[in-house]
Amino acid sequence: MDEADRAARLEFLRTFLAERDMPCPLCGYNLRALQAGQCPECGSEVEVTVGLMEPRMGAFVAGVGGLAIGLGFNGLLMAWIGWMMLARPRSGPGLEIMLPLIVGFVMTAGALVGWLKSRRRIRQETFGARVVLVMLCYGLSFGFAAWFFAVAR
Ligand SMILES: [Zn+2]
């Protein structure tokens, strides 16, 4: 950033704060009518930045929730049924009941890792695409739950 740019930014900051009540991001001091580039209370340098109007994190968070349901469902049942099989090897549930749980656990865990890695790409998708992606997250979890109930019936 050169001197002219610095001066322009400070001028913009002054104009922006001239008539606005804005708290210092660090200490909360009201920066209204600030003249220098620092907070008079805590001394932090402040600037005007560009931010997104809508953070668009809703779909990402909803998808994490959808996949976490499947991961928790499969993981908890796997642990519980596994424990029952060890406790009562003869009368306990058969091994075939574990298959949907193991596959479901691995698939939802993999999908969750992929989802967490795709955070930026999910944000850039259109609204419709984000809705479909979130529905797929829940669909995956409930699909494996349905498979489990079909086998365990
Ligand atoms: Zn401050």
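Residues numbered from 1 in each chain as written. Predicted model: local features only at pLDDT ≥ 70, side-chain atom pairs only at ≥ 80, totals over all residues. Heavy atoms only, no water.

Q: Before we move on, can you summarise the packing of aromatic side chains with the specific residues and values?
A: In the structure shown here, the tally under the stated rule is five aromatic pairs. The interplanar angle of 35° and the centroid separation of 6.5 Å between the aromatic rings of F12 and F16 together place this pair among those described as tilted. Placement of both F12 and F16 in helix α1 (residues 3-18) is noted, with a separation of four residues, approximately one turn of the helix. One aromatic cluster is present, built from ring pairs that chain together F73, F148 and F149. Its guanidinium or amino end placed over the ring of F16, R20 lies 4.2 Å from that ring's centre, counting from NZ or CZ. (Phe/Tyr/Trp six-rings, centres within 6.5 Å; stacked < 30°, edge-to-face > 60°. Helix = DSSP H or I, 4+ residues; strand = E, 2+ residues; numbered from the N terminus. Lys NZ or Arg CZ within 6 Å of the ring centre and 35° of its normal.)

Q: So what's going on with the nonpolar core? Residues and values would help.
A: Within the largest apolar cluster, eight residues are counted, these being A59, F60, L67, L112, W115, I122, V134 and C137. Ranked by residue count, the leading element in this core is helix α2 (residues 58-87), at three residues. Not counting residues up to four positions away in its chain, the partners in contact with A59 are W115, I122, R130 and V134. (Core = buried A, V, L, I, M, F, W, Y, C linked by side-chain atoms within 4.5 Å. Buried < 20%, exposed > 50% of the residue type's maximum accessible area, 1.4 Å probe, protein only. Contact = heavy atoms within 4.5 Å.)

Q: Tell me about the domain arrangement of the chain, and please be specific about residues and values.
A: Taken domain by domain, the chain consists of domain 1 (1-50) and domain 2 (58-152). For domain 1 and domain 2, the distance between their C-alpha centres works out to 48 Å. (Domains from an automatic or database assignment.)

Q: So what's going on with a nonpolar patch on the surface? Which residues, and what values?
A: A contiguous nonpolar surface patch, about 240 Å² in accessible area, is contributed by L99, W147 and V151. Here L99 shows up in helix α3 (residues 98-117). Look at L99 and you get partly exposed, because its relative accessible area is 48%. (Patch = residues over 30% accessible without salt bridge, like charges linked within 9 Å, V, L, I, M, F, W, Y side chains within 5 Å. Areas by Shrake-Rupley, 256 points an atom, 1.4 Å probe, with all protein chains shown as cover. Salt bridge = Lys/Arg side-chain N within 4 Å of Asp/Glu carboxyl O.)

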